[in-house]
Amino acid sequence: MCGIVGAIAERNVSAILIEGLKRLEYRGYDSAGVAICNLAGELRRSRRIGKVAALEQALGEEPLPGHLGIAHTRWATHGVPSEANAHPHFSGESLAVVHNGIIENHDELRQRLERLGYVFTSQTDTETIVHLLHHTLKRLPDLADALKAVVGELHGAYGLAVISRAQPDRILAARSGSPLVVGLGLGENFIASDPLALRQVTDRFIYLEEGDIADIRRDSLQIWNAAGTTVQRETVQFHESAEAAEKGEYRHYMLKEIFEQPRVVQRTLEGRLGATQVLVAAFGPQAVELFARVRQVQIVACGTSYHAGMVARYWLEELTGIPCQVEVASEFRYRTVAVHPDSLFVTISQSGETADTLAALRDARSSGYLASLAICNVGTSSLVRESDLVLLTNAGPEIGVASTKAFTTQLVALLLLTLALGRARGTLDPAREAELVAALRALPGDLQAVLGMDKAVEQISALFAEKHHTLFLGRGAQYPVAMEGALKLKEISYIHAEAYPAGELKHGPLALVDSDMPVVTVAPNNALLEKLKSNLQEVRARGGQLVVFADREAGLENGEGVHVVQVPHIHPLLAPILYTVPLQLLSYHVAVLKGTDVDQPRNLAKSVTVE
Ligand code: G6P
C-alpha cells in the first residue's frame, strides 16, 4: 500500500506535501517522510515513525522549504516500521525515491548492488531501486533514460516517484501495478497515489496507465508508455466538492460515514430505477444483450467487499435461479478455476485498486468468461477502467479504514444486479421485481429509522468493553452480515470476534460459550426465525450473554442474559442491508469505549495495493 505525493512549483511545496500525505493516510500510517530540494541545490529529508502528524511537527521545528519534493506515508511490507525504513530512500546525497508496491527480485538486486559497493541503510525492497538508478545514471545521465532502464529490471509492483539534486527541474514517476495520478496546476504540477491527495491544489488529473513513465516539470508533462512511445493521456476534470472528505461535526470519519448511509444509498439508486423495474442499461450499453446470456455468476472480492458478495449469492440464487459462486480474490487467483461458458465475472471493491482483486480480474479476462463487471466506488480506478461493465456505488470518499457506507451501497448495487439479471434472463417474476423496486425506494427512509437506534446500541456496547472474545451468529443471508459485524468489531476494537452460521454452533463453537463471551445475533422476521430462536436457547442454556438485534415482530424479549435491541421492520430480502447498521454502530461504540484509533486501527490500511 503506502501513499505517495510529489510536487514541483515556484512556491514552497512542503505544506502541499504534508496535506497530501494526511489525505493518503488511509493507505498506511506507520511512518512518513519527505525529501525536498531547496534553492541552494541541497536535497534534504525528514522522516518520522508514526503518523503524518509526527512528521508535520518535525517540519514545524525544523522546516524544509523548497520548490521540489516527494513524500510518502508507509504501510510496512519489507522491514519493520522504523525511521531507517521510512521513505524517501536516498542513494548518496543526490537521489531520492518514494515507492508503493513490492519489488519481488529485491534480494538479487541487493546482492548485485552490494557487490558494486552500495551500502544499504534500510531493510526495504525500495532502497534497491534508488541505488540501481544511481548506478544506471553513470551510464545514462538523463533521469528519464535511466529510469526507463531501471524499471526494465524490476519485477513486482510499483508506483514510484524520483527526484535528483542534479536535475532539480523535474520529477520522474513510473507506474506498474500501483496507482499514480498526475495533478495539473498552473505553472506547477504534482504526482500522487490518489487524486484525493491533491484536491486542495488542483481539480485536473491525468491517470498514468500500466507501464507509463512520466517526466513532470513545472510547465510541461511528458508521458511514455510501456513500449517507450510518447503518449497523450486524457485529462479528467473533477467536479465533486473537496469537502466530501471532511469530518464535519462528527467525532470520527467512521461515524460520519455510518450516518451518511441514507443519503448515499439514495445516490446509488439514482438513475437506476424505473417505475417498477431496474434499468438494465445502467450497467453499460452492452448489458442488456450480455445479461440475457448469463448462466452463472462468479464473484471475487476481498474483506468487506467479499462479505457483500456472499450476501449477493443468496439473492441471485433465490431470485433469479442463476448459480453463483463467491471467493476471496487472493485464493481465486492462485487456483485452477473451471470456467463455465456464459459465466459473468463480477468484482466488488470499494477502492478499485485492491491488488488481489485486480489481478483476479486480469486473469479472468483471458479465461473464457462471458464478460467482467465491476461494482466499485471509485470511477477512475484501475478495476473500473479494466472491466467490460461497471456499476458505480457512488458512496463518495470513504476515509474510515473500517468500511461502512461502501458496504451498504455495494449491497444495494448487488441487489440491482440481481434484479437486472433476473429480468434479462426472464427468470424473475415482474410482480416480485416491482415489489423489490418499491422496497429499494423506501430503503433510505428505513436506514434513517435504523440510525435512530444509535443510543440504544451505545448502551449495549458497555457489555463488550472488557471482553476478549465474542461470537456473531446469523442464518441465511444474515450469516455474511454476522461475518461483517465480527470483522468490524475485530478491526477497530481489537476484540477477537468470530462469525458462525447459527446452525453450526453445536458443531464446535458452543464449547467456548460462557458468561465471558457475548454472543451477538441478528434476527429479522423471516422464515429462519424459529430455527434461530432454538440456537439462541442453546447459548442461554450454557450461561452465554445474548445480544439480539431483532425485528419488533420477532417475539423476542429482554430477559436474564438476553438483551434485545429492536430493529424497524423491513422487507425480508433487504434485511441484510438494514441489519448491518446496528452492527456498525456496535463496533464503533465499543471502539470508542476502549479508546482505540477508530479511523486508523493498528496494522491495517484502507487500500491494499499489495498482495
Ligand atoms: C482493506 C480494507 C477493507 C476492505 C478491503 C478490500 O482490507 O481495510 O475495508 O474491505 O481492503 O478493499 P476494496 O477496496 O477492494 O473493497
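Everything below is about the structure printed above this text.
Note that the coordinates shown come from a computational prediction; the quantities given were computed from them, not determined experimentally.

Reading guide: rules and limits
The written sequence of each chain sets the order in which its residues are numbered from 1. A pLDDT threshold of at least 70 governs which residues receive local features in this predicted model, and a stricter bar of 80 or more applies before side-chain atom pairs are shown or counted, although totals over entire chains, interfaces and linings include all residues. Where side-chain values are given, they derive from all heavy atoms of the structure, hydrogens and water being excluded. Whether a residue is near a molecule or strand depends on its heavy atoms: if one lies within 4 Å, it is near. As used in this structure description, the phrase polar contact means that two N or O atoms lie within 3.5 Å; if the pair is within protein, one of them must be able to donate a hydrogen and the other to accept it, and residues adjacent in sequence are counted only when both atoms belong to side chains. Accessible surface area values rest on a Shrake-Rupley calculation with a 1.4 Å probe, where residue burial reflects the displayed protein chains alone. A run of H or I in DSSP counts as a helix once it spans at least four residues, and a run of E counts as a strand once it spans at least two, with each numbered from the N terminus. Residue classes follow a fixed rule: Ala, Val, Leu, Ile, Met, Phe, Trp, Tyr, Cys and Pro count as nonpolar, while Asp, Glu, Lys and Arg count as charged, and any other residue, Gly among them, counts as polar. Each residue gets one of three labels from its accessible area relative to the maximum for its type: buried under 20%, exposed over 50%, partly exposed in between, using a 1.4 Å probe on protein chains only. Whether two strands pair depends on DSSP finding at least two bridges between them. Classification remark: right-handed applies to a crossover when, strands pointing away from the viewer, the course from the first strand over the helix to the second runs clockwise. Angles here are taken between N-to-C directions and fall from 0 to 180 degrees, while the axes themselves are lines fitted to C-alpha atoms, restricted in helices to the stretch in contact. By the definition adopted for this analysis, an angle is roughly parallel if under 35 degrees, roughly antiparallel if over 145, roughly perpendicular if from 65 to 115, and oblique otherwise. A clockwise turn of the near helix away from the far one marks a right-handed crossing, whereas an anticlockwise turn of less than a right angle marks a left-handed crossing. Two residues form a contact once any of their heavy atoms are found within 4.5 Å. We define the nonpolar core as a collection of buried residues of types Ala, Val, Leu, Ile, Met, Phe, Trp, Tyr and Cys that are connected through side-chain atoms lying within 4.5 Å of one another. The working definition used for a salt bridge is a side-chain nitrogen of Lys or Arg within 4 Å of a carboxyl oxygen of Asp or Glu. In this description, the arc belongs to the directions extending from the helix axis to the C-beta atoms. Two rings from Phe, Tyr or Trp (for Trp, the six-membered ring) form a pair when their centres sit within 6.5 Å of each other. Planes less than 30 degrees apart are called stacked, planes more than 60 degrees apart edge-to-face, and all others tilted. For a ring to carry a charge above it, either NZ of a lysine or CZ of an arginine must fall within 6 Å of the ring centroid while also lying within 35 degrees of the normal to the ring plane.

### A few points about the site of the ligand
Looking at the ligand, there are 13 residues lining it, with Ser305, Ser349, Gln350, Ser351 and Thr354 nearest. In the model, an oxygen atom of the ligand is placed 2.6 Å from a nitrogen or oxygen of the serine 349 side chain. Coverage of the ligand by the protein chains reaches 89% of its 390 Å² of free accessible surface. The element best represented in the shell around the ligand is helix α9 (residues 303-320), accounting for three residues. Here the shell around the ligand is built from residues that sort into four nonpolar, eight polar and one charged.

### Section: the pairing of strand β21 (residues 469-474)
The buried count for β21 comes to five of six residues, which makes it a mostly enclosed element. Pairing of β21 with strand β22 (residues 496-501), which is carried by six bridges, proceeds in the parallel orientation. Each residue of the ladder has a partner; that of leucine 473, found in β22, is tyrosine 500. Between the parallel pair β21 and β22, the chain is carried across by helix α16 (residues 478-493), and the sense of this crossover is right-handed. Relative to strand β23 (residues 519-523), β21 runs parallel, the two being bridged by three bridges. Paired with phenylalanine 472 across the strands is valine 520, a residue of β23.

### A word on the packing of α9 against α16
When two helices pack together, you describe them by how their axes are tilted relative to each other and by the distance separating the axes. Taken N-terminus to C-terminus, the directions of α9 and α16 make an angle of 170°; their axes are 8 Å apart at the nearest point. Compared by their axis directions, α9 and α16 come out roughly antiparallel. In this structure, α9 meets α16 at a crossing whose hand is left-handed. Facing α9, whose interface residues are Gly303, Thr304, His307, Met310, Val311 and Tyr314, α16 presents Tyr479, Pro480, Met483, Glu484, Leu487 and Lys488.

### Thoughts on the packing of helix α7 (residues 261-269) against helix α14 (residues 430-451)
Packing of α7 against α14 leaves a shortest axis separation of 8 Å and a crossing angle of 170°. When the axes of α7 and α14 are compared, the pair comes out roughly antiparallel. Across the interface between the two elements, Gln261, Pro262, Val265, Gln266 and Leu269 of α7 pack against Leu440, Leu443, Pro444, Leu447, Gln448 and Leu451 of α14. Here the contact of α7 with α14 is built from residues that sort into eight nonpolar, three polar and no charged.

### Looking at the sheet that holds strand β16 (residues 296-301)
Taking strand neighbours across the sheet as the criterion, the five strands line up as β17-β16-β18-β19-β20 in an open arrangement whose pairing is parallel. Of all the strands in the sheet, just β17 (324-328) and β20 (389-392) have a single pairing partner and so form its edges. Put simply, the sheet's adjacent strands are angled 20° from each other on average, direction ignored. Here strand β18 (residues 343-349) pairs with strand β19 (residues 371-376) via six bridges, running parallel. Its bridge partner being in β19, serine 349 is matched across the sheet by cysteine 376. Along the sheet face, α9 touches β16, β17 and β18 and points at about 170° away from the line of β17.

### Considering the sheet that holds strand β11 (residues 204-207)
Here eight strands make up an open sheet; going across it, the order is β3-β2-β4-β1-β10-β9-β11-β15 and the pairing antiparallel. Edge positions in the sheet fall to β3 (43-49) and β15 (236-237), since each of these pairs with one other strand and no more. In this structure, strand β2 (residues 31-37) lies alongside strand β4 (residues 68-74), joined through seven bridges in antiparallel fashion. Across the sheet, valine 34 pairs through a bridge with alanine 71, a residue of β4. This element, helix α2 (residues 52-61), spans β2, β3 and β4 of the sheet and lies at about 135° to β3.

### So, the nonpolar core
A general feature of soluble globular proteins is that nonpolar side chains tend to end up buried together. Counting 93 residues, the largest nonpolar core has Phe283, Phe291, Val297, Leu440, Phe549 and Leu574 as the members making the most contacts within it. Sequence-distant contacts of leucine 440, that is, excluding residues within four places in its chain, are made with Leu269, Leu273, Val412, Leu415, Leu416, Leu419 and Leu574. One finds Leu17, Leu55, Phe205 and Phe238 within the second-largest nonpolar core, a separate group that totals 30 residues.

### Structural notes on the pattern of salt bridges
Scanning the model with the defined rule gives 28 salt bridges in all. Among the salt bridges present, the one from glutamate 210 reaches arginine 175, with a minimum N-O distance of 2.6 Å. With glutamate 210 in the loop between β11 and β12 (213-216) and arginine 175 in strand β8 (residues 171-176), this residue pair connects regions lying 35 residues apart in the sequence. With a relative accessible area of 32%, glutamate 210 lands in the partly exposed category. Among the charged side chains, a salt-bridge network with shared partners connects Asp142, Asp169, Arg170, Asp215 and Arg217.

### Points about the environment of alanine 58
Positionally, alanine 58 belongs in helix α2. Dropping the residues within four chain positions of it, alanine 58 is found in contact with Ser46 and Arg48.

### A few points about the environment of valine 80
Checked against the element boundaries, valine 80 lands in the loop between β4 and β5 (89-91). Classification of valine 80 by relative accessible area gives exposed; the value is 51%.

### A few points about the pairing of strand β10 (residues 189-192)
Of the two faces of β10, both are covered, the one formed by Asn189 and Ile191 as well as the one formed by Phe190 and Ala192. Where strand β1 (residues 3-8) and β10 come together, four bridges link them in antiparallel fashion. Bridge pairing in β10 places valine 5 opposite alanine 192. Here strand β9 (residues 181-184) runs beside β10; their pairing, made up of four bridges, is antiparallel.

### Quick look at α2
Turning to α2, its buried residues are Val52, Leu55, Ala58 and Leu59. Buried residues of α2, seen end-on, are gathered within an arc of 115° and therefore sit on one face of the element. More than 90 degrees from the buried face of α2, the exposed residues found are Gln57, Gly60 and Glu61. For α2, the elements touching its buried residues are α1 (14-23), β2, β3 and β4.

### Side note on the side chain of histidine 78
Assignment of secondary structure puts histidine 78 in the loop between β4 and β5. Take histidine 78: its relative accessible area is 19%, and that puts it in the buried class. Side-chain polar atoms of histidine 78 contact the side chain of histidine 106, separated by 3.5 Å. Excluding its chain neighbours within four sequence positions, the residues that come into contact with histidine 78 are Ile102, His106, Gln123, Thr124 and Asp125.

### Description of the packing of aromatic side chains
This model, assessed by the stated rule, comprises five aromatic pairs. Each ring, one from phenylalanine 332 and one from phenylalanine 345, has its centre 5.6 Å from the other, and the planes form 45°; the classification is tilted. Of the two residues, phenylalanine 332 is situated in helix α10 (residues 329-332) and phenylalanine 345 in strand β18; the sequence distance between them amounts to 13 residues. Across this residue pair, the class does not change: phenylalanine 332 and phenylalanine 345 are buried. Three or more aromatic residues link up through ring pairs in this structure, and these residues are Phe332, Phe345 and Tyr369. The ring of phenylalanine 90 is capped by arginine 45, whose NZ or CZ atom sits 4.2 Å from the centre of that ring. For the cation-ring pair, lysine 51 lies above tyrosine 29, with the distance from its terminal atom to the ring centre recorded as 5.4 Å.

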